[in-house]
Each structure stands twice: as C-alpha cells, then as structure tokens.
Amino acid sequence: MTGRFPYHAGRGGPRRRSQGVAVLAVSNLEVVYDDVILVLRGVSLQVPQGSIVALLGANGAGKTTLLRAISGLLDVHEGEVTKGRITLDGEEIHHLDAPRIVRLGIKQVLEGRRVLAEFTVEENLRVGAHAARGRALGDDLDRVFTLFPVLRDRRRRTAGYLSGGEQQMLAMGRALMSDPRYLLLDEPSLGLAPLLVQQIRDLIVAINEQGTTVLLVEQNATMALGIAGHGYVLETGKVVMDKPSADLLADDDVREFYLGLGGDGRRSFRDVKHYKRRKRWLS
Amino acid sequence: MARFLGALFGGLGQGSAYALIALGFVVIYRSTKVVSFAQPSLMVAGATAVSYLAAGGDALLPFWVAVPVAMLLTGLLAAGVERVALRPMVGKPVFTVAIITIGVDIVLRVIVNRLIGVNIRAVGDPWGLSVVTVGGIPLQVRFLAMMAALTLVIAALGAFFRYARVGLAMRATAHDQEVALAQGISVGSVFALSWAIAGALAALAGMFVGTSSGIDQNTWIIALKALPAIVIGGLDSIGGAVVGGLVVGLVEALVATYQPAWLGENFALVSPYVLLLLVLLVRPYGLFGTREVERV
Ligand SMILES: Nc1ncnc2c1ncn2[C@@H]1O[C@H](COP(=O)(O)OP(=O)(O)OP(=O)(O)O)[C@@H](O)[C@H]1O
Ligand SMILES: [Mg+2]
C-alpha cells in the first residue's frame, strides 16, 4: 500500500494539458459484439493522470472488452461502442482507430503477453517504437532496458524462448517504447509464480513513478489493490463497486470473492447474506 | 556437358523471373493472408509500361530509367487496387477475397490488352539475344540480368524487412494483427504497401519476360508459372518463393533440353505443373512451410 491516492504527482506537470483536468474518462459505455452480444452495459470509470487504477472482475465480466474499447481494438473483434463515450482530457476518442489512439499516448498490453515469438527481443521492442517517430530509438531502448535489465541481456534472443515472466516484461517494455502517457495492462500477473508477480507489481509502481498513468486489469486483487489508489469492480458488464483501494480491501464481499479471505469455514447465515449481495451485483 | 550447363543457366535465369512474381504472391499473402490472383495482370501492366516508356525510336525514357518508373507506376496501381477493391473486404472470408482478386485480374487485363494491341510489343531492353562466352560456354546476357536482378531484390527485401521501421511493421502485421495495431501500426497501410511491393516486383518480372521475345496479349499466362513455385516453396516463405521459382525454371529448361520424343514437343511447358502435383503428393504444405517457434 503506497497511499498515493488519488493523484500521484508523477511527471504530470509539463505534459498536462492547460485546460481542464488531465483524465481518461469512460462514461456510460455500452459495447456490443457481433451486433447482438451486449457485453458492457453502461460502464463509467475515471483514470486521472498520474494514478494507478485497478479494474477487477471475474472471468467474462468485460474487463478486456473495456480496454479494447479504450484503445480502439474492438474492430478486430467485431465489437462496437453503441452508447456512451470515452474521452482523453475532454476530447472524445472512441471514434478513433487504434493507430490514432496510440499516437495520443494510450498503449495497451494485451492479455497473454502476445510477444512476437519469432522476432528477437530487440525487434519486438523496435515494433513497440513504431509510433515513436522522430525520437531516438537508442534512448527509448535505454529507458526500457533500465527498467527491465533482463531484456538487455536477452536482446538478441528469440522472444518465443523467453520464460513467462520475461515475456511479460517484454510485452510491457514493448508498449513503453513509445513513451505512452497511459498504459493499459491486461492481467500482467496471469500465470506467473508469486515471486514474479511481486516483481511485476514493483515494476508497475516504477513505471508509474516515472510518470505513466496505469489502468491495471487484474484477477489478482491483492496485488492490484496493493498498488492502486482506486479500484473498480466489474460484474457482467456493470461497475458494481467504485472505491479507494483501502475501502475495497476492507470490504467483506471483495474479501470473499476476490481475495479468497473471510470464508474460514463459516457457512451459515453470512453465506446467505453474501449470496443475496452477489445476486444484486449480477442483476 | 555444354548442353547441360546451358539448360542449367537458362533455367536459373528464367526461374529468377518466376521467383520475382512468386515473391509478390508471398509478400501479399504474409500481410493479408489472401492469395492474390491479380499478379498476372500486374506483370503485363508493368511490362506494358516499360514498353510505352522505353521501346521504339522515340522512347520517352532511357531503359534504365523506364524500368524503375514502371515499377513505381505498377506499385501505385497495385496499391490503388488494394485500397479500392480489397480493403472494403477486410474481415470477409479469404476465399471470397481471392475470387475478387481474380475479378481484378480480368478487368486489368482487358485494359492492358487494349494498350498492348494486337501485335507483339518490344520492351526496349538492351540485351535482346546477345551472348557472352564464359569458359567456352555461351551465356545469354538477359539471363545474367535476371539473376542479378533477383539477387538485388532478395538483398533489398531482406534488409527492408530486417532493418526498416516499416518493414518490421509489415512482419509484425503478418504475425499478429492485433499486436501490430496495439503498437500503432496502421494495418491498412501495411496491406497497401504489400500490394505495392508485389506490383513493383511483378513489373520487373514482366519486363524480363518481355525481353527478346516482346509481349503480347497472352504474355500473362507466364505469370501462372509462379503458382507451382509458391506451392513448392510454401505461400509464406520468401526463401521458398525464390527456391520455388528457380526450381520451376530449372525443371522447365531441363525437360525442354532432354525430353524424349514420345512426350511430345511441348511437355516442357506443362512440366512445372506436373512438378506441382508431385510436390503436393509428398509435402502438402510445400517444402518451406514456416516452423513456429513455441516454448514448451
Ligand atoms: N470477440 C467476441 N465476440 C463475442 N463475444 C465476446 C468476444 N470477446 C469477448 N466476448 C464476450 O464478452 C464477455 C466479456 O469478455 P471479456 O474478454 O471482456 O471478459 P474479461 O473480463 O476480460 O474476462 P477474463 O478475465 O476471462 O479475461 C464474455 O462473455 C465473452 O464471452
Ligand atoms: Mg480478459
């Protein structure tokens, strides 16, 4: 717990727009796949510049869908924003295509790492620098190698042969090559051993301290709430909780459903009560 | 022996032209996962452009300038075709899109045939059937030029895909479109560029096909030799396209040189397709299908 909520200073100053608050905001967003499958049903969420915001939710809740909507990747999946809006510093961005959104400084690290397996580590990073036109590639490589020294050691290796943790770092490093303002991370701890989860967690904090705002999608609520200032809980396409991390960590339902705590064998009245609450979330 | 070496040389030379066409198929396939059957029309369009620019007494441009200009024009034409006819089909089944490329090919060929006219057109190449003799073996200069051009193209493509920002973007798109998009790569531009490269290579090949014999309304059929080449080489392999093209050229030349009388006069012309069938029987995915890197 770092207690940085709600605004972490970061490098915000020079980058912040003069008018209004620097924030990535989603309001009342509805997303449909294949014209019929309604997956997000009016989601609102705010990611103030400089913060780490956690987005929790069970499988299929719509977390990845929300990230796709922000970064313009719904098209690829036959998805579409049918209602609501997404704004960056007050400007609507939900009509823009992915390359435009990347150029505005929003980068998503896809679920499951998705390194280009047949490319070398360095080639993967150079692909990440695609949008960083006019900047010195060497500087960006140095910055990423400083964060992830292991990538420097492996730079000529084929990415497909890296370990899971290294691949996650490569995926994050690749996104950072264009020095984005916003980094959207989709389950970076997925499939990693506890020690590696710790390491990824520390890296996210370091990235944030260097001035990049982070929207962190996680199933590992302990990890995510440990570093985020604010958290949202998504259930079947709706935000059911929206609180400072500390409050979420203390919440009975979150403890039970996302932290696996608070059960300790008492299966009686409390269960019934929780079941009702859960049903309310689901409705 | 001299006969064999002659066939070998001519086969590799002609095969270089086939390889150039095959490379175009592969470049488009890798980016878009579509087999483009528009290559024959692009090949003759390029050859026709060279012919208009460089042939005859009142040629507009010297041959050496006309060839890159024709490559550029054909590349632009191909990119335009992609933008207008293929881009709206993104997301449709690849079979449908492949059929559309056949339609594009037919339309373009009708237009180009008008430009070619009913007679044979020269392309204005400086080689004709001239020969240099190396170690007592007469070598046709045009075949040397084809091999040199293929070598240059391979080196240039290799460097482009390895070092150029856009080349890397094209490879990334070929491997994982969503990842490419997430890095800010405009996948649409990559598609158009792939077509442009394929068009330029087809134009170069068309010029070579037209050297010495000239071009007419049936020249496009030669581009079909690239089909056995890519099946032999595998649709997604640059090296495979090169080897495939050379093998087709070689087989054709050797069969033409040594075919027994009972096979008939023109068996050489169908030999690439016989080879195609044989390869398909043994290796359905071609000889050079990409092996995927996977961590176990
Ligand atoms: N391309 C698609 N077409 C149709 N439905 C989809 C598509 N992608 C996702 N969905 C559906 O949308 C819902 C939300 O999926 P999404 O991937 O956003 O969930 P998630 O919260 O990221 O889940 P997980 O934790 O498993 O990654 C699921 O019911 C899923 O089946
Ligand atoms: Mg997901």
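Residues numbered from 1 in each chain as written. Chains lettered and ligands numbered in written order. Predicted model: local features only at pLDDT ≥ 70, side-chain atom pairs only at ≥ 80, totals over all residues. Heavy atoms only, no water.

Participant: Would you explain the overall build of chain B in this entry?
Facilitator: Within chain B, the secondary structure is distributed over 11 helices and two strands. Each helix and strand of chain B, placed in order from N terminus to C terminus, yields the pattern α-α-α-α-β-β-α-α-α-α-α-α-α. For chain B, whose C-alpha radius of gyration is 19 Å, the value lies close to the compact-globule estimate of 19 Å for 296 residues. Overall, chain B is about 60 × 50 × 35 Å in size when its C-alpha atoms are taken along their principal axes. (Helix = DSSP H or I, 4+ residues; strand = E, 2+ residues; numbered from the N terminus. Rg over C-alpha atoms; globule rule 2.2 N^0.38 Å.)

Participant: Quick question: what am I supposed to make of the nonpolar core here?
Facilitator: Note that soluble globular proteins tend to have their nonpolar side chains buried in a common cluster. Leu20(B), Leu23(B), Val50(B), Leu204(B), Met207(B) and Phe208(B) are the most contacted members of the largest nonpolar core, which has 89 residues in total. At 13 residues, helix α8 (residues 187-210) of chain B tops the list of elements feeding residues into this core. If we ignore the near neighbours within four places in the chain, the residues touching Met207(B) are Ala47(B), Val50(B), Phe63(B), Val67(B), Val123(B) and Trp127(B). By size, the runner-up hydrophobic cluster in this structure holds 47 residues, among which are Ala175(A), Leu176(A), Leu185(A) and Ile207(A). (Core = buried A, V, L, I, M, F, W, Y, C linked by side-chain atoms within 4.5 Å. Buried < 20%, exposed > 50% of the residue type's maximum accessible area, 1.4 Å probe, protein only. Contact = heavy atoms within 4.5 Å.)

Participant: So what exactly am I meant to see when it comes to the packing of helix α4 (residues 121-128) of chain A against helix α5 (residues 137-147) of chain A here?
Facilitator: How two helices pack is summed up by the angle between their axes together with the distance between the axes. All names here are of chain A. Where α4 meets α5, the closest approach of the two axes is 11 Å, and the angle between their N-to-C directions is 115°. Like other packed secondary-structure pairs, α4 and α5 cross with a definite hand, here right-handed. Across the interface between the two elements, Glu122, Leu125 and Arg126 of α4 pack against Leu137, Leu141, Val144 and Phe145 of α5. Class assignment for the residues of the contact of α4 with α5 results in five nonpolar, no polar and two charged. (Axes fitted to C-alpha atoms, helices over the stretch in contact; angles between N-to-C directions. Left-handed = near helix turned anticlockwise from the far one by under 90°. Nonpolar A, V, L, I, M, F, W, Y, C, P; charged D, E, K, R; others polar.)

Participant: Any chance you could explain the coordination of the magnesium ion (ligand 2) here in plain terms?
Facilitator: For a metal with four tetrahedral donors the ideal donor-metal-donor angle is 109.5 degrees, whereas six octahedral donors ideally subtend 90 or 180 degrees. Residue and element names in this part refer to chain A. The coordination sphere of the magnesium ion (ligand 2), as far as protein atoms go, consists of Thr64 (OG1) and Glu111 (OE), spread over 1.8 to 2.3 Å. Placement of the pair is Thr64 in helix α2 (residues 63-71) and Glu111 in the loop between β6 (106-109) and α4, with a sequence separation of 47 residues. Relative accessible area serves as the criterion here: at 18%, Thr64 is assigned to the buried category. For Glu111, a relative accessible area of 33% gives the class partly exposed. (Donors = N, O, S within 2.8 Å, 3.2 Å for Na, K, Ca; no water.)

Participant: Mind showing me how you'd approach the interface of chain A and chain B here?
Facilitator: Think of interface size as the accessible area that goes away when the parts come together; that is how it is often given. Counting residues at the interface gives 30 residues for chain A, matched by 24 residues for chain B. In total, chain A and chain B occlude about 2500 Å² of area from one another, counting both sides; carbon and sulfur atoms represent 59% of this. Together, Glu118(A), Phe119(A) and His130(A) form the three largest contributors to the area buried by chain A at its contact with chain B, with a combined 26%. The tally of links between chain A and chain B comes to three salt bridges. It is α4(A) that contributes the most residues to the side of chain A that touches chain B, four residues altogether. Across the side of chain A that touches chain B, the residue classes break down as 14 nonpolar, eight polar and eight charged. (Buried area = accessible area lost by both parts, 1.4 Å probe. Salt bridge = Lys/Arg side-chain N within 4 Å of Asp/Glu carboxyl O.)

Participant: I'm lost on the site of ligand 1 in this one. Help?
Facilitator: Residue and element names in this part refer to chain A. In the vicinity of ligand 1 lie 17 residues, with Asn59, Gly60, Lys63, Thr64 and Thr65 positioned nearest. Within the backbone of Ala61, one N or O atom sits 3.2 Å away from an oxygen atom of ligand 1. Contact distances for ligand 1 include 2.7 Å between an oxygen atom and a side-chain N or O atom of Lys63. Alone, ligand 1 offers 630 Å² of accessible surface; in the complex the protein occludes 69% of this. (Near = heavy atom within 4 Å. Polar contact = N/O pair within 3.5 Å; in protein donor to acceptor, adjacent residues only side chain to side chain. Areas by Shrake-Rupley, 256 points an atom, 1.4 Å probe, with all protein chains shown as cover.)

Participant: Please clarify how α4(A) should be interpreted in this entry.
Facilitator: Every α-helix carries 3.6 residues per turn, so stepping three or four residues along brings you back to the same face. Within α4(A), eight of the eight residues are buried, which leaves it mostly tucked inside the rest of the structure. Looking at the buried residues of α4(A), the elements they touch are β6, α5, α6 (149-153) and α7 (164-176) of chain A together with α5 (141-163) and α6 (165-175) of chain B.

Participant: How should I be thinking about the sheet that holds β6(A) in this particular structure?
Facilitator: Two strands in a sheet stick together by hydrogen bonds in their backbones, pointing the same way (parallel) or opposite ways (antiparallel). Residue and element names in this part refer to chain A. Strand order across the open sheet formed by six strands is β6-β7-β8-β3-β9-β10, with mixed pairing between neighbours. Every interior strand has two partners, whereas the edge strands, β6 and β10 (238-244), have only one. Adjacent strand axes in the sheet meet at a mean angle of 15°, parallel and antiparallel pairs treated alike. Both strand β3 (residues 52-57) and strand β8 (residues 213-218) contribute to a ladder of five bridges, which runs parallel. Bridging from a neighbouring strand, Leu55 pairs with Val217 of β8. Against the sheet, α2 engages β3, β6, β7 (182-186), β8 and β9 (230-235), with an angle of about 150° to β7. Helix-sheet contacts for α7 involve β6 and β7, and the interaxial angle to β6 is about 165°. (Pairing = 2+ DSSP bridges.)

Participant: Please clarify how α7(A) should be interpreted in this entry.
Facilitator: All names here are of chain A. Along its 13 residues, α7 runs 18 Å from first to last C-alpha, staying within 8% of the 18 Å computed at 1.5 Å per residue. In terms of residue burial, α7 counts as a mostly covered element, since 12 of its 13 residues are buried. Of the positions making up α7, those classed as buried are Gly165, Glu166, Gln167, Gln168, Met169, Leu170, Ala171, Met172, Gly173, Arg174, Ala175 and Leu176. (Expected span 1.5 Å × (residues − 1).)

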